[in-house]
Amino acid sequence: MEEKNRTMIEEGRRVLERLQSRQHEAYFVGGFVRDFVLERPVKDVDIATSAKPEEVMEVFSKTVPTGLQHGTVTVLTGTYSFEVTTFRKETEYEGFRRPAEVEYITDLEEDLKRRDFTMNAMAMDAEGNLIDPFGGRSDMDRGVLRCVGEAAERFGEDALRMLRCIRFAAEYGLDIEEATWQALLRQAPLLRHIAMERVRAELQRMVGGADPARAARLLLASGLWRHAKTPLALPFAAWGHPHAQAVIAHLSSIPAEEDRWAVLLLLIGSQQLEAVRAELRALTFPGEDIARLTRILAVHAHLQRGDAEDAEVRPRPEAQTSAEERAAARFKLAVLAHGKEAARGWLRAAGLLRAAWRQRQAGAEAASPAGTGRPGQYGTLPGNLAQSGLAVTQGESDSLEASRAGAERPEQDASASAKPGQPSQAVPHHVSDRYEASGGLSADEEMHTATAAGEACLEELFRFMTEEADVYLENGEPWIGVMPVYGVKDLAVGGSDLMAQSGQKAGPWIGETLNRLLERVALGQLENTLEILMTEAFRPTEMRDE
């Protein structure tokens, strides 16, 4: 255990002991107990107590009344802070999200009973003894995620728990118990009551978590994304396409969450920049994140267009240029237009796309070709993908194909897929075909159109990455490295120089002139010196290419 965790736990134990010394019950609860039992790093320590909030504040000299309406007081110790919440039960919920009122109680088990999943409904005393009235430890040992009590009630109380269900299943590698999964499918429409920022936060945790591929599969199977408070228009069903599956299976090999989002958005929005921007806004992503991600997609759109649409890569029409020279010019102009960090973000995302799709193509030719990687459905994992330890299983592929096929059939009643009289069983790790079917897409014509368009864009992305992108991926970083300028601020001439030389007032002409000079310098057609740039700036138009 890391020293930081050890110190935090020890200070938390002293908080428990102080409360107990005043004749109050006190226990570690929630995520801390779950992660402690699993020997995972802990981020914070939550405490539940029989003491009322005012009694907690009497025991400790430094407290913050962070949630008195729900019985929570934050206790400040020497180094850490601990949320201390009074045992309570919740009688009613408002807006399918928060309790309308809470009642303080003195029974720990009754307090644990209100929690979402059995693995989060455990407690531990100061001596390390586990209190587990709902079988959370057993469920974790069996690899099962199960709601406390009736799953439909838990999801009806707080609809955000459905997204948390998917996140926990992916993060901890758990199978969702059948009754819990069926309740999630039935209650999915309640997600429309949840604020988009909370939805976004859960999605970010999934994408940035231990197994984003499994989270994506479960999200598609559940159909939850169709029930957001603000309708989402991107063709998320295209993530179920075999091309997308091949990439998403290896998403964990990318360390940065932002790069993972770039990959996911390229798969469904490579040529829909405005739609992606609108979707990220609907999900309440911060403006800076939206700008960074859309710039990466803009780099891709710039590179994917053909020579006929990209006349600026040949500033001198009469000059004969090779395909590689035109590619270098196009890439450098993309860097100027969208920034070198966006270009590097595209290189990272596109690198995963190409590696995964090449692997898939190799797998089509030979089930398990010789090599140093680890065999998987799509062949041998190359390089860093092999290190990620992720291979796409046949079951997962079949299950995702069933989800994708759901776009071609009417929506089914979730309850119809349950088999009466059968004992409850865990949803298989790959999510079985019948669950995929119950979470299938609606037959609405607009949904069909969006899905078909998304898959068409994905096919074009696949073609570009496997047939044309090599020159950019192999040379992109060196091209960035040799560029003499990246923006107008790098030019040896500025707007004041132009005004002084011309005697003209400031106006749009300055920006147009500087951008023209910037492109010529970046493409190596002009040296970045004041004399040369000033001469070129005022050269008659008909003489500029001589």
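Residues numbered from 1 in each chain as written. Predicted model: local features only at pLDDT ≥ 70, side-chain atom pairs only at ≥ 80, totals over all residues. Heavy atoms only, no water.

Caption draft 1: Looking closely at the overall build of the protein. Counting secondary structure elements, the protein contains 24 helices and 13 strands. Of the roughly 24400 Å² of accessible surface on the protein, a fraction of 48% belongs to carbon and sulfur atoms. (Helix = DSSP H or I, 4+ residues; strand = E, 2+ residues; numbered from the N terminus. Areas by Shrake-Rupley, 256 points an atom, 1.4 Å probe, with all protein chains shown as cover.)

Caption draft 2: Here's a closer look at the environment of Arg88. The topology assignment puts Arg88 in strand β6 (residues 88-94). For Arg88, the side chain forms a polar contact with the main-chain oxygen of His70, separated by 2.5 Å. (Polar contact = N/O pair within 3.5 Å; in protein donor to acceptor, adjacent residues only side chain to side chain.)

Caption draft 3: Representation of unusual backbone geometry in the model. Even without a glycine there, the phi angle at Gln23 is positive, about 70 degrees. With respect to the element layout, Gln23 can be found in the loop between α1 (3-21) and β1 (26-29). Look at Glu39: it is not a glycine, yet its phi comes out positive at around 60 degrees. Mapped onto the elements of the fold, Glu39 is located in the loop between α2 (31-37) and β2 (46-49).

Caption draft 4: Broad picture of the sheet that holds strand β8 (residues 123-124). Strand order in this open sheet of seven strands is β3-β4-β5-β2-β1-β8-β9, and the pairing throughout is mixed. The sheet is open, and its two edges are formed by β3 (63-67) and β9 (130-131), each paired on a single side. The pairing of strand β4 (residues 72-76) with strand β5 (residues 81-86) spans five bridges and is antiparallel. Residue Thr72 lies in a different strand from β5, and its bridge partner there is Thr85. Against the sheet, α1 engages β1, β2, β4, β5 and β8, with an angle of about 150 degrees to β1. (Pairing = 2+ DSSP bridges. Contact = heavy atoms within 4.5 Å. Axes fitted to C-alpha atoms, helices over the stretch in contact; angles between N-to-C directions.)

Caption draft 5: Structural detail: the packing of helix α22 (residues 495-502) against helix α24 (residues 530-537). Put simply, α22 and α24 touch, their axes get as near as 11 Å, and they point 60 degrees apart. In terms of orientation, α22 and α24 fall into the oblique class. Note that α22 runs across α24; the crossing there is right-handed. Taken together, the residues of α24 that come into contact with α22 (itself represented by Asp497, Leu498 and Gln501) are Leu530, Met534 and Ala537. Counted by class, the contact of α22 with α24 contains four nonpolar, one polar and one charged residues. (Parallel < 35°, antiparallel > 145°, perpendicular 65-115°, else oblique. Left-handed = near helix turned anticlockwise from the far one by under 90°. Nonpolar A, V, L, I, M, F, W, Y, C, P; charged D, E, K, R; others polar.)

Caption draft 6: Main features of the packing of aromatic side chains. Enumeration according to the criterion identifies 13 aromatic pairs in this entry. Considering the side-chain rings of Phe168 and Tyr172, the 6.1 Å spacing of their centres and the 50 degrees angle between planes classify their relative orientation as tilted. One end of the pair, Phe168, and the other, Tyr172, are both in helix α7 (residues 160-172), four residues apart, so they sit about a helical turn from each other. Both residues of the pair, Phe168 and Tyr172, count as buried. Consider the rings of Phe236 and Trp239, whose centres lie 5.2 Å apart with planes at 70 degrees: the pair is edge-to-face. For the residue pair Phe236 and Trp239, the accessibility class agrees, reading buried in each case. Here a set of aromatic residues connected by ring pairs shows up, and it is made of Phe331, Trp346, Phe464, Tyr472 and Trp479. (Phe/Tyr/Trp six-rings, centres within 6.5 Å; stacked < 30°, edge-to-face > 60°. Buried < 20%, exposed > 50% of the residue type's maximum accessible area, 1.4 Å probe, protein only.)

Caption draft 7: Structural view of the side chain of Glu11. You can see Glu11 is positioned in helix α1. Despite being buried, Glu11 has no salt bridge partner; Arg14 is the closest side chain of opposite charge, sitting 4.3 Å away. Here Thr77 takes part through its side chain, which lies 2.4 Å from a polar atom of the side chain of Glu11. The residues contacting Glu11, other than those within four sequence positions of it, are Thr77, Gly78, Thr79, Tyr80 and Phe82. (Lys, Arg positive; Asp, Glu negative; His and termini not counted. Salt bridge = Lys/Arg side-chain N within 4 Å of Asp/Glu carboxyl O.)

Caption draft 8: Quick peek at the confidence of the model for the protein. The predicted model of the protein has a mean per-residue pLDDT of 83, with 78% of residues at 70 or higher. A low-confidence stretch, residues 369-443 stays under pLDDT 50, and its non-local contacts, those more than four residues away or across chains, total 170 contacts. (pLDDT = per-residue confidence, 0-100.)

Caption draft 9: The nonpolar core, seen in detail. Ranked by internal contacts, the top residues of the largest apolar core, which has 143 residues, are Leu19, Leu267, Trp346 and Trp357. Top element by residues in this core is helix α16 (residues 340-365). It accounts for 10 residues. Setting aside chain neighbours within four positions, we find Leu19 in contact with His24, Ala26, Ile47, Thr49, Ala51, Val56, Val59, Phe60 and Val84. (Core = buried A, V, L, I, M, F, W, Y, C linked by side-chain atoms within 4.5 Å.)

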